[in-house]
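Fold and contact review
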Amino acid sequence: MASATSLPRSVLILGAGISGLTCALRLAEQGHDVTVMEGSDQLGGLGTFFEHDGRTFEKFYHCMLPSDGPLLGVLEHLGLKEEIYWRPSSFAYAHAGRIYPLNTPVDLLRFSPLPFLDRIRVGITGAWGRVCSDKGLDDVTTSQWLQGLSGKRAFNTFWKPMLEAKFGDRYHDVPALWFWTRFNREKGESKGEVKGYIRGGYKRITETFATRLKDLGVSLRLNEKIESIDLDANGTPFVQTTRGQFQADELLITLPWPTLTKVATVGFKERASVPTWDIDFQGVINHVLFLKRPLTKHYWLATPEPTHPFDGVVETSTLTDEEDRGQGRHVVYLTKYVHRTDPRFTQPEEEIKQTWFKALQKLFPDLKSEDLEADYLFRAPFVEPIYTRGFSRKRPPEVLIPGLASLATTAQVYPVVTSWNGSVIQADKTVELLKNAS
Ligand SMILES: Cc1cc2nc3c(=O)[nH]c(=O)nc-3n(C[C@H](O)[C@H](O)[C@H](O)COP(=O)(O)OP(=O)(O)OC[C@H]3O[C@@H](n4cnc5c(N)ncnc54)[C@H](O)[C@@H]3O)c2cc1C
């Protein structure tokens, strides 16, 4: 084992999403011998891109918030700060075929799907959520907490459909701490909401990472799918990939948690200190539409009613410059959170595209088939944990096996919101503890 003050000489980072890339940057800058192994042919994980008409677009909608300090710090470090631009952003809620903006107290007072008294209670819930302490919220469910503040009727009409949209029938046990942090991240701006995007898209970020990492001597190995993680007879960690076996002084794992539980051998799992391996993940489907016309002025339109096959209409072109999306092109993501075992997750692509577009036309009756320039469909099986009460106690630790294996993954980000910013915070924590554990 390396001395108390030095890091292992060689670190094998598994996975090249924002977690893996940030860990690689930090460790390489500290002078360590870093190799990154990524199973796909792209860097960036859930922030990867596809090409359309000479431009690149994220497979899953992505933007930044002014409160994403640690992420913005990394982007500044990479020389990208000046490339980020900010635009006002707004939220709306679809109910019974009507669209209600919901950004100000006046909007809420006009929100007729709720009886007037319930609008007041929802408003009070929001105001209280901003000032109350998060103490004890990990052990209370979001449903209990919201019903206590907003009342049962407002919960059933307003909050419950949004929780169901995110977690399906597993919403019951989601802790209030999850809701509280999410609500405060999204609503953290006192001068009205703004969101940020980067010139050239998220590809610009991963490309800049790649250049910097290569300059630092990091070996970036794409299409290197990890099939198993183990320790050899001397206790040295190694991985088996589709192309061979590789070992290092230390593994830094950033794979999605369900993947790790699958590829780690029984021997590895027995050595790792983990409160539980049993953390399930929610998946997502994104249907990306390139339209010749805008739909709304809102970045996010919640569509939680069961009549819609998707939970939200995310019009990213309300934030992005034409230079980044093409002249006259409007970009809309229809999004649906769904577990990978749900038959909807594996529904044939053409079927989803057709059904969802038709459902969108019901919401926007003047939307014509000719308005659609092109569309694409993407699915991700592992997006974020399906949180359960007391999740802070189930959260996996940074150090799995002291001096041999560490972890920086989405399952640990809680209660911080699952995001690139949350992953940067987690990566920094893990790198710091890895240094101390070596
Ligand atoms: C629909 C959607 C919208 C989002 N919107 C935003 C947003 O607006 N802003 C924001 O900040 N965040 C957003 N996020 C969240 C953000 O994308 C994630 O929190 C973040 O990307 C997680 O990064 P990660 O590196 O921890 O994991 P991942 O991005 O999942 O990276 C894990 C990496 O491991 C690789 N891998 C998996 N299995 C193997 C294997 N066997 N061998 C080798 N490699 C493997 C994967 O290919 C991947 O590259 C969104 C996510 C989704 C799905």
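All of these numbers come straight from a predicted model, not from anything done at the bench.

Let us look at the site of the ligand. Around the ligand lies a shell of 28 residues, among which Ser 19, Glu 38, Leu 46, His 62 and Trp 420 are the nearest. Between the ligand and Glu 38 there is a distance of 2.5 Å, counted from an oxygen atom to a side-chain nitrogen or oxygen. Within the side chain of His 62, a nitrogen or oxygen atom sits 2.7 Å from an oxygen atom of the ligand. Within the complex, 91% of the 1,000 Å² of free accessible area of the ligand lies under protein. Those elements that provide at least two residues to the shell around the ligand are helix 1 (18–29), strand 14 (281–291) and helix 14 (420–437). Residues that form the shell around the ligand fall into these classes: twelve nonpolar, 13 polar and three charged. Two domains share the shell around the ligand, each providing at least three of its residues, namely domain 1 (10–85 + 200–277 + 395–437) and domain 3 (280–385).

With that settled, the discussion passes to the domain arrangement of the protein. Here the domain parsing of the protein yields domain 1 (10–85 + 200–277 + 395–437), domain 2 (105–186) and domain 3 (280–385). Taken over C-alpha atoms, the centre of domain 1 sits 33 Å from the centre of domain 2. Of the roughly 690 Å² buried at the junction of domain 1 and domain 2 (both faces included), carbon and sulfur atoms supply 58%. Applying the counting criterion to the domain 1 and domain 2 interface returns zero salt bridges.

A separate point is the packing of aromatic side chains. How two aromatic rings sit relative to each other is set out by the distance from centre to centre and by the angle between their planes. Overall, the coordinates contain 25 aromatic pairs when judged by the stated rule. For the pair Phe 290 and Tyr 376, a centre-to-centre distance of 5.9 Å together with 75 degrees between the ring planes defines the contact as edge-to-face. Of this pair, Phe 290 sits in strand 14 while Tyr 376 sits in strand 18 (residues 372–385); the two residues are 86 residues apart in sequence, bridging distant segments of the chain. With 5.1 Å between their ring centres and 70 degrees between their planes, Phe 391 and Tyr 414 make a pair best called edge-to-face. Taken as a pair, Phe 391 in helix 13 (residues 391–394) and Tyr 414 in the loop between strand 20 (405–407) and helix 14 lie far apart in primary sequence, 23 residues in all. Every member of this aromatic cluster is reached through a ring pair, and the members are Tyr 93, Tyr 100, Phe 111, Trp 145, Phe 158, Trp 159 and Phe 179. We note Arg 329 situated over the ring of Phe 290; from NZ or CZ to the ring centre the distance is 5.5 Å.

Here helix 4 (residues 116–131) crosses helix 6 (residues 152–167) at 70 degrees, and the two axes come no closer than 10 Å. One way to sum up the angle between helix 4 and helix 6 is to call them roughly perpendicular. In contact with Asp 118, Val 122 and Thr 125 of helix 4, helix 6 contributes Arg 153, Ala 154, Phe 158 and Trp 159. Classifying every residue of the contact of helix 4 with helix 6 by side-chain character gives four nonpolar, one polar and two charged.

In the predicted model, the protein carries a mean pLDDT of 93, and the fraction of residues at 70 or more is 96%. Across residues 1–5 the pLDDT falls below 50, and counting only partners more than four positions away or on other chains, this stretch makes nine contacts in the model.

Here we have three strands laid out as an open sheet, ordered 10-11-12, and antiparallel in their pairing. Of all the strands in the sheet, just strand 10 (226–231) and strand 12 (244–247) have a single pairing partner and so form its edges. Averaged over neighbouring strand pairs, the angle between their axes works out to 20 degrees when direction is ignored. Strand direction decides the pairing type here: strand 10 and strand 11 (residues 237–241), joined by five bridges, are antiparallel. Across the sheet, residue Ile 226 finds its bridge partner in strand 11, namely Thr 241.

Membership of the largest hydrophobic core comes to 57 residues, with the highest contact counts inside it found for Leu 14, Ile 229, Ile 253, Phe 268 and Leu 400. Each of domain 1 (10–85 + 200–277 + 395–437) and domain 2 (105–186) accounts for three or more of the residues forming this core. Non-local contacts of Ile 253, meaning those with residues more than four positions away in its chain, are made with Leu 14, Ile 229, Leu 260, Phe 268, Leu 400, Ser 406, Leu 407 and Ala 408. Judged by nonpolar contacts, the second largest core, of 37 residues, contains Leu 75, Ile 205, Trp 420 and Leu 434.

Taking 1.5 Å of rise per residue, 16 residues should cover 22 Å, and helix 4 covers 23 Å from first to last C-alpha, within 8% of that figure. Of the residues making up helix 4, those classed as buried are Asp 118, Arg 119, Val 122, Thr 125, Gly 126 and Gly 129. Viewed along the axis of helix 4, the buried residues span an arc of 115 degrees, placing them on a single side of the element. Opposite its buried face, helix 4 presents the exposed residues Leu 117 and Val 131, each directed more than 90 degrees away.

Definitions and cut-offs
The written sequence of each chain sets the order in which its residues are numbered from 1. With pLDDT at 70 or above as the cut-off, local features in this predicted model cover only qualifying residues; side-chain atom pairs require 80 or more to be listed or tallied, and sums for whole chains, interfaces and linings still use all residues. For side-chain calculations, the full set of non-hydrogen atoms in the structure is used, while hydrogens and water are omitted. If a single non-hydrogen atom of a residue is within 4 Å of a molecule or strand, that residue counts as near it. Any pair of N or O atoms that falls within 3.5 Å is considered a polar contact. Within protein, one atom must be able to donate a hydrogen and the other to accept it, and sequence-neighbouring residues count only if both atoms are side-chain atoms. Accessible surface is estimated by sampling points in the Shrake-Rupley manner with a 1.4 Å probe; for residues, cover comes only from the protein chains shown. Counting from the N terminus, the helices are the DSSP runs of H or I reaching at least four residues and the strands are the DSSP runs of E reaching at least two. Only Asp, Glu, Lys and Arg are considered charged in this grouping, and only Ala, Val, Leu, Ile, Met, Phe, Trp, Tyr, Cys and Pro are considered nonpolar; every other residue, Gly among them, is considered polar. The source of the domain bounds is an automatic or database domain assignment. Two parts lose some accessible area (1.4 Å probe) when they are put together, and adding that loss for both gives the buried area. By salt bridge we mean one thing: a side-chain nitrogen of Lys or Arg within 4 Å of a carboxyl oxygen of Asp or Glu. Pairing of aromatic rings covers Phe, Tyr and the six-membered ring of Trp, with a centre-to-centre limit of 6.5 Å; geometry is then stacked below 30 degrees between planes, edge-to-face above 60, and tilted otherwise. Charge over a ring is defined by NZ of Lys or CZ of Arg lying within 6 Å of the ring centre and within 35 degrees of the ring normal. To define axes, lines are fitted to C-alpha atoms, for helices over the stretch in contact only, and angles between the resulting N-to-C directions are given on a 0 to 180 degree scale. For this classification, under 35 degrees means roughly parallel, over 145 means roughly antiparallel, 65 to 115 means roughly perpendicular, and everything else is oblique. Residue contacts are defined here by distance: any two heavy atoms, one from each residue, within 4.5 Å place the two residues in contact. pLDDT measures how confident the predictor is about each residue, on a scale from 0 to 100. DSSP calls a pair of strands paired once it identifies at least 2 bridges connecting them. The definition of a nonpolar core used throughout is a set of buried Ala, Val, Leu, Ile, Met, Phe, Trp, Tyr and Cys residues joined through side-chain atoms within 4.5 Å. Here's how the labels work: a residue is buried when its accessible area is under 20% of the maximum for its type, exposed when over 50%, partly exposed in between, all with a 1.4 Å probe on protein chains only. The span you would expect from a helix comes to 1.5 Å times its residue count less one. Working definition: the arc comes from the directions between the helix axis and the C-beta atoms, pointing outward to the latter.

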